[in-house]
Amino acid sequence: MTDRIVSWHCNPSVPRFTPPPGAVDAHCHVFGPMAQFPFSPKAKYLPEDAGPNMLFALRDRLGFSRNVIVQASCHGTDNAATLNAIAKSNGRARGVAVVDPAISDAELEKLHEGGIRGVRFNFLKRLVDNAPKDKFLEVAHRIQPFGWHVVVYFEAAILEEMRPFLNAIPTLIVIDHMGRPDVSQGPDGADMRAFRSLLDSREDIWTKVTCPDRLDPHGPPWDDFACAVAPLVADYQDRVLWGTDWPHPNMEKATPDDGALVDIIPRIAPTADLQRKLLIDNPMRLYWPEETKSSS
Ligand SMILES: O=C(O)/C=C(\CC(=O)C(=O)O)C(=O)O
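These numbers were taken from a predicted model, which means no experiment stands behind them. (Residues numbered from 1 in each chain as written. Predicted model: local features only at pLDDT ≥ 70, side-chain atom pairs only at ≥ 80, totals over all residues. Heavy atoms only, no water.)

Engineer: I tried to follow the site of the ligand on my own but got confused; where do I start?
Structural biologist: In the neighbourhood of the ligand, 16 residues make up the surrounding shell, with His29, Tyr45, Ser73, Tyr153 and His177 lying closest. Residue His29 places a side-chain N or O atom 2.6 Å away from an oxygen atom belonging to the ligand. For the ligand, an oxygen atom lies 3.5 Å from a polar atom in the side chain of Arg180. For the ligand, the accessible surface in isolation is 350 Å², of which the surrounding protein chains cover 100%. A breakdown of the residues in the shell around the ligand according to their chemical character gives five nonpolar, six polar and five charged. (Near = heavy atom within 4 Å. Polar contact = N/O pair within 3.5 Å; in protein donor to acceptor, adjacent residues only side chain to side chain. Areas by Shrake-Rupley, 256 points an atom, 1.4 Å probe, with all protein chains shown as cover. Nonpolar A, V, L, I, M, F, W, Y, C, P; charged D, E, K, R; others polar.)

Engineer: Help me understand the packing of helix α4 (residues 133-142) against helix α5 (residues 159-168) in this model?
Structural biologist: Each pair of packed helices can be described by the angle between their axes along with the distance between the axes. It is the contact of α4 with α5, at a shortest axis distance of 10 Å, that shows an interaxial angle of 25°. One way to sum up the angle between α4 and α5 is to call them roughly parallel. Once α4 is placed against α5, the crossing between them reads as right-handed. Where α4 approaches α5, its residues Lys133, Phe136, Leu137 and His141 are matched on the opposing element by Glu161, Met162, Phe165 and Ala168. (Axes fitted to C-alpha atoms, helices over the stretch in contact; angles between N-to-C directions. Helix = DSSP H or I, 4+ residues; strand = E, 2+ residues; numbered from the N terminus. Parallel < 35°, antiparallel > 145°, perpendicular 65-115°, else oblique. Left-handed = near helix turned anticlockwise from the far one by under 90°. Contact = heavy atoms within 4.5 Å.)

Engineer: Explanation requested: the pairing of strand β3 (residues 93-97) in the structure shown.
Structural biologist: Strand residues, when the strand is regular, have side chains that alternate between the two faces of the sheet. Among the five residues of β3, five are classified as buried, and the element is accordingly described as predominantly covered. Burial along β3 is two-sided: Ala93, Gly95 and Ala97 and Arg94 and Val96, pointing in opposite directions, are all buried. Of the strand pairs in this sheet, strand β2 (residues 66-70) and β3 are connected by four bridges, and their pairing is parallel. Residue pairing across strands places Asn67 opposite Ala93, the latter belonging to β3. Remark: the β2/helix α2 (residues 80-87)/β3 crossover connection has right-handed handedness. In terms of strand pairing, β3 meets strand β4 (residues 116-122) through three bridges, oriented parallel. (Buried < 20%, exposed > 50% of the residue type's maximum accessible area, 1.4 Å probe, protein only. Pairing = 2+ DSSP bridges. Right-handed = clockwise from strand over helix to strand, strands pointing away.)

Engineer: I keep staring at unusual backbone geometry and nothing clicks. Help me out?
Structural biologist: Glycine aside, negative phi is the norm for most residues, and most peptide bonds take the trans geometry. Geometrically, the link from Pro220 to Pro221 is a cis peptide bond, its omega value of 5° lying close to zero. Topologically, Pro221 is positioned in the loop between α7 (212-215) and α8 (223-235). Cis rather than trans, the peptide bond between Trp246 and Pro247 has omega equal to 0°. With respect to the element layout, Pro247 can be found in the loop between β8 (240-241) and α9 (258-262). The phi angle at Cys211 is positive, at roughly 70°, despite the residue not being glycine. With respect to the helices, strands and loops of the structure, Cys211 is situated in the loop between β7 (205-208) and α7. Residues other than glycine seldom take positive phi values, yet Asn250 does so here, at roughly 70°. Topologically, Asn250 is positioned in the loop between β8 and α9.

None of the figures reported here should be taken as evidence of function without further support.
This is how it looks when you write it as C-alpha cells:
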C-alpha cells in the first residue's frame, strides 16, 4: 500500500431536497488527520485526510444538523480520530467504535464519556483480517450496561451463516447497508426477501438504508436502489437510519456526489412523516436518547 487515496467528491452539489431541521447523518467516518491520528498498520486502504472540519462543512452544506461517526477500519481499534471529531462537534456528533475484545471496562467507560453509543463488528474480508464471533459476543454482553447497540457489517452472501451469531446478540442490532443486497433484483428479489426475513426475526434489528453508490450496479440516479429500498422503509419505518457514508471509503473509482445522495431520500421516504422518522426520530432514539425521553 503506497499512495493515499481520495474517495470523496471534491465539490458536492447542494441537494434539491432540504432535510428537516435536526436531521442526523447517521453513517459517516473521519480519516485522520494522519499526522495526529495515524492509520492502523493493518489498514487495507490508506486515505488522504478527511477530518472533522471537512465533515462538519459537508454537514452544513447538505442541510444536516448532526453526525454519527462510525470508526472506519483504516483506524483499526484506536478510536482517537473518531473521539476527536466528536469532541470538536459541540455536541452535534456521537459515534460507533471498533474495539479490541480485550478492552477494559474503564476504557469502555471513557468511550461512553467521549460520545460512543455502539460498537461495530465488521465481517468484510477485504476490510478486516478476522472477525471472531465468540469474542464479539463477549463484547456485546459487556456493552449492555452502557445502553449501547451493536452495528454489524456483512454481505448478502453470508446472511444465513450470520443468523446464529445475530440471534445471540443481547442488544439492539443495526445492520449496515442492509447487508449489501443486490438491489438490481428488485424489492422482491432473493436478497431483499432474505433481509426482510432477518428483520422479521427480531423487532430490535434495525438497518441503515444507505449506500446506493455501493449497491446499485447501474449508478446514479440509483433507480434500482430507490425501487428496492422504498418499500423496506415503508414497512420498517421505525427501525431505519440514513447516512451519507462520507468520505466513502474505497469508492475512489466512482466517488458519489453527496448532494445527489441526499436527493435519494424523498425517493425512499416520500412523506414528511417517513422523512422525520428516518432522519430524526430513529437516530435520536439510538444516539441522543436523553433528548427524546421527555417527549415519549
Ligand atoms: O464505510 C462503509 O460503510 C464501508 C466500507 C468501509 C468500511 O466500512 C470501513 O473501512 O470500516 C467499505 O465497504 O469499504
